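An overview of the molecular structure
Listed below, chain by chain, are the residues.
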Amino acid sequence: MPSGIGLDSKAVRSRMVHKLAAQGISDAQVLAAMGQVERHRFVDTALVNQAYEDTSLPIGLGQTISKPNVVARMLELLRQGRAAPMGRVLEIGTGCGYQAAVLSRLAAEVYSIERLRGLHDKARENLRALRLANVHLLFGDGMAGYAKGAPYAAMIAAAGGEAIPPAWVEQLAVGGRLVAPLQMADGTQALVVLDKTPQGVTRTVLEAVYFVPLKSGTS
Ligand code: SAH
């Protein structure tokens, strides 16, 4: 890592966290987790200088790591303002592993699935040094969810499709919440929250977002 630019210091992240708070993120546990995970360790050396800016960054194979504000927003929605950590969480789209690392501080167990072998391997490498015993990286098509870990207290997708795969709703626990980007009828993408209640599934459509497409199969 380049030295002298302070990226390995807590101060840079703490600035990022203050900015997130100013942008409206209020969940103290999400802010603390974002302040702890070193985002610069998940991006290529050439992009290290931008690691704590509020921007999405390329992570290879045409994919991107979401901007901090979007990660924080989705995690805040996922936690529903609860005091306790979440139970088992499924993340669809591991990418470089950054969000999985943040999630590991907010949930008992994190299952994260990626369909691109190259990124699955990269995430494994990025996370190795962190020794996060509660993060389980899986290679496969996340559209099928991951039945072995179900039911999940929460599910979060980092890629947006035209519909929420039925497997996700099936594998969500009653009382659980799913946060995902979803393509709307007009072709734009919006953040969607699904709550599975004893009475059925409710759906809330939130702000516009720009995520990479959810694709089927592995590669
Ligand atoms: N959370 C990630 C963001 C990665 S971008 C991070 O912190 O880096 C979204 C990822 O979703 C991409 O890596 C893409 O390959 C993956 N993806 C798309 N469709 C998928 C699917 N059906 N199953 C698993 N991963 C998928």
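Please read these numbers as outputs of a predicted model, since none were measured by experiment.

With that settled, the discussion passes to the nonpolar core. Of all hydrophobic cores here, the largest spans 50 residues; its most connected members are Met 34, Leu 75, Leu 78 and Tyr 98. Apart from the residues within four sequence positions on either side, Leu 75 is in contact with Val 30, Val 102, Leu 103, Leu 106 and Ile 156.

The next point concerns empty space enclosed by the protein. All chains considered together, the criterion is met by 2 cavities of 30 Å³ or more. When its volume is computed, the largest cavity comes out at roughly 50 Å³. Lining the largest cavity, in full, are Met 16, Lys 19, Leu 20, Gln 23, Tyr 52, Glu 53, Asp 54 and Pro 68. Counting residues per element, the lining of the largest cavity draws most heavily on helix H1 (residues 10–22), which supplies 3 residues. Counted by class, the lining of the largest cavity contains 4 nonpolar, 1 polar and 3 charged residues. Lining the second largest cavity, in full, are Ala 157, Ala 159, Gly 161, Ala 163, Ile 164, Pro 165, Trp 168, Ala 180, Pro 181, Leu 182 and Leu 214. The dominant element in the lining of the second largest cavity, judged by the number of residues it contributes, is strand S8 (residues 172–183), at 3 residues.

Judged by pairing direction, the sheet is mixed, and its 7 strands sit side by side in the order S5-S4-S3-S6-S8-S9-S10 without closing on themselves. Only two strands of the sheet have a single neighbouring strand rather than two, namely strand S5 (135–139) and strand S10 (200–208). In this sheet, adjacent strand axes meet at a mean angle of 15° when their direction is disregarded. Pairing of strand S4 (residues 107–114) with S5 involves 5 bridges; the strand directions are parallel. Looking across to S5, one finds that Tyr 111 is bridged to His 136. Strands strand S3 (86–92), strand S6 (152–157), S8, strand S9 (189–197) and S10 of the sheet are contacted by helix H3 (residues 68–79), whose axis makes an angle of about 155° with S8. Packed onto the sheet, helix H5 (residues 117–128) meets S4 and S5 and runs at close to 160° relative to S5.

On the secondary structure map, Ala 33 appears in helix H2 (residues 28–36). The sequence separation of Ala 33 and Arg 105 amounts to 72 residues, and the corresponding C-alpha distance is 6.0 Å. Not counting residues within four places of it along the chain, the set of residues in contact with Ala 33 comprises Val 102, Arg 105 and Leu 106.

Rules used throughout
- Residues numbered from 1 in each chain as written.
- Predicted model: local features only at pLDDT ≥ 70, side-chain atom pairs only at ≥ 80, totals over all residues.
- Heavy atoms only, no water.
- Core = buried A, V, L, I, M, F, W, Y, C linked by side-chain atoms within 4.5 Å.
- Buried < 20%, exposed > 50% of the residue type's maximum accessible area, 1.4 Å probe, protein only.
- Contact = heavy atoms within 4.5 Å.
- 1 Å grid on protein atoms, 1.4 Å probe; cavity = no way out; pocket = protein on both sides within 12 Å on 5 of 7 lines; lining within 4 Å.
- Points joined across faces, edges and corners; volume = space filled by probe spheres on them.
- Helix = DSSP H or I, 4+ residues; strand = E, 2+ residues; numbered from the N terminus.
- Nonpolar A, V, L, I, M, F, W, Y, C, P; charged D, E, K, R; others polar.
- Pairing = 2+ DSSP bridges.
- Axes fitted to C-alpha atoms, helices over the stretch in contact; angles between N-to-C directions.

Everything listed here is a matter of coordinates, which is why it stays silent on function.
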